[in-house]
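Commentary on secondary and tertiary structure
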Amino acid sequence: MTGAAIRDASTVVLLREGADGPEVWLMTRVTGMAFAGGMAVFPGGRVDTADAELPFAGSLDEAARRFDCTPEQARAIVGAAVREVFEETGDRKSVV
């Protein structure tokens with residue numbers, strides 16, 4: 001059996017305090033999708049090359065330490081998280 005290639009990806013858990021306690025944003029994947037079709041998921045997805053070009057506010061060194069990766073990888077991972085949230089929550093505007 002051959003395994004799938006490992007790819008960097010980001011997943012974001014969006015929480016807010018609601019009137020009756022914490023609220024979380026979940027989505028339902030389209031049932032026809034090859035991976036996890038019909039499942040409830042948090043926004044997220046694979047890291048694209050262009051994600052490393054998105055603006056980054058904060059310390060890349062701190063992000064890299066937390067993610068146990070290089071600062072360049074950390075920038076791309078955070079960029080992917082931001083892009084995916086905008087895409088999957090319905091905001092199709094540029095994240096820049």
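Residues numbered from 1 in each chain as written. Predicted model: local features only at pLDDT ≥ 70, side-chain atom pairs only at ≥ 80, totals over all residues. Heavy atoms only, no water.

**Quick notes on the overall build of the protein chain**
Within the protein chain, the secondary structure is distributed over two helices and six strands. When the elements of the protein chain are put in sequence order from the N terminus, they spell out β-β-β-β-β-β-α-α. Seen through its C-alpha atoms, the protein chain measures out along the principal axes to roughly 45 × 35 × 25 Å. Here the protein chain holds 96 residues, and 23% of them are scored as buried. (Helix = DSSP H or I, 4+ residues; strand = E, 2+ residues; numbered from the N terminus. Buried < 20%, exposed > 50% of the residue type's maximum accessible area, 1.4 Å probe, protein only.)

**Some points on the pattern of salt bridges**
Opposite charge on two side chains lets them pair, provided their charged atoms get close. Evaluation of the coordinates by the stated rule reveals seven salt bridges. Measuring nitrogen to oxygen at the nearest pair gives 2.6 Å for the salt bridge that ties D51 to R83. Here D51 is found in the loop between β6 (44-46) and α1 (60-67), whereas its partner R83 is found in helix α2 (residues 71-88), with 32 residues between them in sequence. One exposure class covers both D51 and R83, and it is buried. Ionic pairing is found between R66 and E62, a salt bridge with its closest N-O pair at 2.9 Å. (Salt bridge = Lys/Arg side-chain N within 4 Å of Asp/Glu carboxyl O.)

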